[in-house]
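Examination of the molecular architecture
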Amino acid sequence: MPPRLVGHQGSLAGQQFPIGATPLTLGRNGDNSVVITVGNVSRFHAEVRRERHGFILYDSGSSNGTRVNGTLVTSHELQPGDLIEIGTETFRFEAADAMETILDLSVLGPVTPSEATLAEGPVLNVTVTGGGPVGLSFALLLESLMGPRVAITVYDGRWVRDGTKVVWKSEGQGNVRRQQVVTVQSRQYLNLPEEVQARLFRGDAYSEMWPVGPDSLRGHKPRNLRIAYIEDTLLELANEKPERIRLVPEVFDPAEYHGAETRGHVLAVCEGSRSRTREYFTDKFGNADKSIYSLSGEHIQDVVLGLRVKSTLTDPMTVLLTVAQNRFLLNALRGEGFLNMRLTDAEAAEVVGIDPVRHVFEECIASRPCVMGRDDHGDFQCSTHSTLFLPAMVRGSALWRRVKEGLALFGVAERDLSAVTAFRLDMVQRPRFTTRLLPATSTTPGTYGFLLGDAANAIHFWPGRGLNSGLGSAISLARSLNGGWTGRPFRDADFARHEAAMSMLQYRHKSRAWNTMITTDENGVSRAIKEKIAQSIEESEGKDLEKLERDADVDALMERLRGIRDRLAPRVPGMPDDATLRNHLETLGSSTLRTLWESGAWDTLMVGGEEVDIDIFYQQAVPATPDPTRAPAPS
């Protein structure tokens, strides 16, 4: 047995890494001999080299250092039993005795061609459908982990080729970019490749307005970014890796893929909640079940009006006002972002456009959804269908009046409302997220399919929750593929950890989403929050609420705001005082105050708590070893 490093403590415990004639390298990058994906580890952290009659450990200029037997070293001649600490991993140098280190002739000769071929191994071919944040993050992470062992092809019909690069289509080419601001948790972004983190978090591209919570690792705050900026940055990075990531500016055709003679080993479906590929393979992934997200037999759905705004309030003020009620939610980057308004069923029916030429109603904003920006006349016009947003044009529109009161709540002047969109929220339970799509044949490899991102998850009212869950699923799958690929066809057992991680992500994501759509009264009866809002509007709309009732509503909201402020103040400095809050509430209409109160505060107790930690599924993961009962993959 040649000298070797053996995982002693950490996620690699029990794994053995023989030391040959070539240096044994350790670090986060997938090109290393020993890939360490947890802890404070540099891309190329350290290496062990054969020198004369011994083995020398060198620190490669890492940022957090390398320890041997508890002492920081830059170089160290290893002795049997030495313990090497890198990040949270500990390795033991093993050799039967000093003579084995000297006399093991296997370390002196060159690697034979057959060994070199085995070390490189067959390439894993991965196809990704959908080049949004989840699909591109998955591709970049897999490339970082596996290096030359993987070839990735990503399809997206929203791209177009521009010279040697692939870029996003413009509005004139039929692609309306998403300008929403999303909140990315540190549990997710710290698990992305270092180069992705460095490129995303440049200069003033992000802000940190939300407090540290259960999803925050090592005190790193959640970060707000524009989703279009995330998409641009990830596509820019993917363009820089043409040797391993091929970008195809086309809509993926599942029927063509299904019938092709040469297919990949993996199909990762990242197309979003309306995935054509997922529906094509329904017989493999199974039918979705709506019943568990229904009340009294009715599938609960929310329609949300998205208002692109610029708020004049401070971040602590907007955080406090958002958490204190369930009607409006503002997520912004230095005041600019989207104010999301939960609609009643009656209000949702008003979300229509009108064709100014044919004078007919269109549902483009409600069914696509489209984004309607202000035109030269101040109207909100859809650049794709040329329709105008009807509620903003109708004098006396109840919906538009309530929109303006939402603007007042968050200190937004009507001129600072620049666009309107809408999206629908609902949830279904999917029976599986991993499936064998196609069996291996004598000429083709077996193909496994995976649902990632919104293809597997519900869209969440809280901006970024769906993205965080999607990133978690991408991180899990990338790790499973990296650890399980041996060049032989995959088996269901290779993805037990990933399917378990997906089930936990689904449970956590959907339990949180469900509890932001429904509420329970003191008798334990559940009802949709939108119904409480509708009842409040019906009871107070058009009525002149007496001053005593108005004062009581202000006092009740003040009490709620104080309680939330006291809870958040240690984590969110700069919270407004009582006078500032009361003066702000006094500017709102009586019916608005009543609706805000009746909608209830965000149930942070119910939706808070422990988050899904993908790392627990991979701490003891052992790289797959060749199984003599498994046939090699077809070439």
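As the structure is a prediction and not an experimental result, all values here were calculated from the model. (Residues numbered from 1 in each chain as written. Predicted model: local features only at pLDDT ≥ 70, side-chain atom pairs only at ≥ 80, totals over all residues. Heavy atoms only, no water.)

Re the overall build of the chain
Rules: Working definition: helices are DSSP H or I runs of at least four residues, strands are E runs of at least two. Numbering for both runs from the N terminus. Three labels apply to residues, based on accessible area from a 1.4 Å probe with only protein chains included: buried if under 20% of the type maximum, exposed if over 50%, partly exposed otherwise in between. In this analysis, two residues are considered to be in contact whenever any of their non-hydrogen atoms come within 4.5 Å of each other.
In terms of helices and strands, the chain carries 20 helices and 34 strands. Put simply, the chain has 635 residues, and 54% of those count as buried. Looking at the chain alone, contacts between residues at least 24 apart form 70% of all its contacts between residues at least 6 apart.

Remarks on helix α15 (residues 496-514)
Heads up, the rule is: The span expected for a helix works out to 1.5 Å for each residue beyond the first.
The terminal C-alpha atoms of α15, which comprises 19 residues, lie 27 Å apart, in line with the 27 Å expected from a rise of 1.5 Å per residue. For α15, every residue scored as buried is listed here: His498, Ala501, Met502, Leu505, Gln506, Arg508, His509, Lys510, Arg512, Ala513 and Trp514.

What about the environment of serine 591?
Here serine 591 lies in helix α19 (residues 590-599). Accessibility expressed as a relative area gives 19% for serine 591, which makes it buried. In the structure, serine 591 is positioned 52 residues away from glutamate 539 in sequence and 9.0 Å away in space, judged by C-alpha atoms.

Describing the side chain of serine 62
Where we set the bar: Side-chain atoms alone can form a polar contact between residues adjacent in sequence; in general such a contact is a pair of N or O atoms within 3.5 Å, and within protein one must be able to donate a hydrogen while the other accepts it.
For serine 62, the position within the fold is in the loop between β6 (54-59) and β7 (66-68). Under the relative-accessibility criterion, serine 62 is labelled buried at 11%. A distance of 2.7 Å separates polar atoms of two side chains, one belonging to serine 62 and the other to aspartate 59. A distance of 3.0 Å separates a polar atom in the side chain of serine 62 from the backbone nitrogen of glycine 65. Other than its neighbours up to four places away in sequence, serine 62 contacts Ser42 and His45.

Considerations on the nonpolar core
The cut-off we apply is this: Side-chain atoms within 4.5 Å are what join buried Ala, Val, Leu, Ile, Met, Phe, Trp, Tyr and Cys residues into a set we call a nonpolar core.
The biggest cluster of nonpolar side chains holds 74 residues, and the ones touching the most others in it are Leu124, Val126, Phe138, Leu142, Ile152, Leu247 and Leu481. Top contributing element to this core by residue count: helix α3 (residues 133-146), with 9 residues. Non-local contacts of leucine 142, meaning those with residues more than four positions away in its chain, are made with Val126, Gly147, Val150, Ile152, Ala478 and Leu481.

Digging into unusual backbone geometry
Excluding glycine, a negative phi dihedral is what most residues carry, and trans is how most peptide bonds are arranged. Residue asparagine 69 is not a glycine yet carries a positive backbone phi of 55 degrees. With respect to the helices, strands and loops of the structure, asparagine 69 is situated in the loop between β7 and β8 (71-73). At arginine 334, a residue that is not glycine, the phi angle is positive and equals roughly 50 degrees.

Considerations on the confidence of the model for the chain
Our working definition: Predictor confidence is given residue by residue as pLDDT, running from a minimum of 0 to a maximum of 100.
Mean pLDDT over the chain works out to 85, with 89% of the residues at or above the 70 mark. Below pLDDT 50 for its whole length, residues 620-635 participates in 37 contacts with residues either more than four positions away or in separate chains.

A closer look at the packing of aromatic side chains
Heads up, the condition is: Centre distance within 6.5 Å is the pairing criterion for rings of Phe, Tyr and Trp, where only the six-membered ring of Trp is used; planes under 30 degrees apart are then read as stacked, over 60 as edge-to-face, and the remainder as tilted. Throughout this description, the term charge over a ring refers to an Arg CZ or Lys NZ atom that lies within 6 Å of the ring centre and within 35 degrees of the ring normal.
Counted under the stated rule, the structure contains 15 aromatic pairs. One cation-aromatic arrangement involves arginine 50 over phenylalanine 55; the distance from NZ or CZ to the ring centre is 5.5 Å. The ring of phenylalanine 201 carries the charged tip of arginine 223 above its face, separated from the ring centre by 4.5 Å.

Digging into the packing of α3 against helix α14 (residues 465-484)
The criterion, for reference: In this analysis an axis means a line fitted to C-alpha atoms, helices contributing only their contacting stretch, and an angle means the value between N-to-C directions, from 0 to 180 degrees. Orientation is classified from the angle alone, with under 35 degrees giving roughly parallel, over 145 giving roughly antiparallel, 65 to 115 giving roughly perpendicular, and any other angle giving oblique. When the near helix sits turned anticlockwise from the far one by under a right angle, the crossing is termed left-handed; a clockwise turn instead gives a right-handed crossing. The residue classification treats Ala, Val, Leu, Ile, Met, Phe, Trp, Tyr, Cys and Pro as nonpolar and Asp, Glu, Lys and Arg as charged. All others, Gly included, are polar.
Where α3 meets α14, the axes come as close as 9 Å, and the angle between the chain directions of the two elements is 30 degrees. Taken together, α3 and α14 sit at an angle that is classed as roughly parallel. You can see that α3 and α14 cross each other, and the crossing is right-handed. Of the residues in α14, those touching α3 at Pro133, Val134, Ser137, Phe138, Leu141, Leu142, Leu145 and Met146 are Leu467, Gly470, Leu471, Ala474, Ile475, Leu477, Ala478, Arg479, Leu481 and Asn482. When the residues that make up the contact of α3 with α14 are grouped by side-chain class, the tally is 14 nonpolar, 3 polar and 1 charged.

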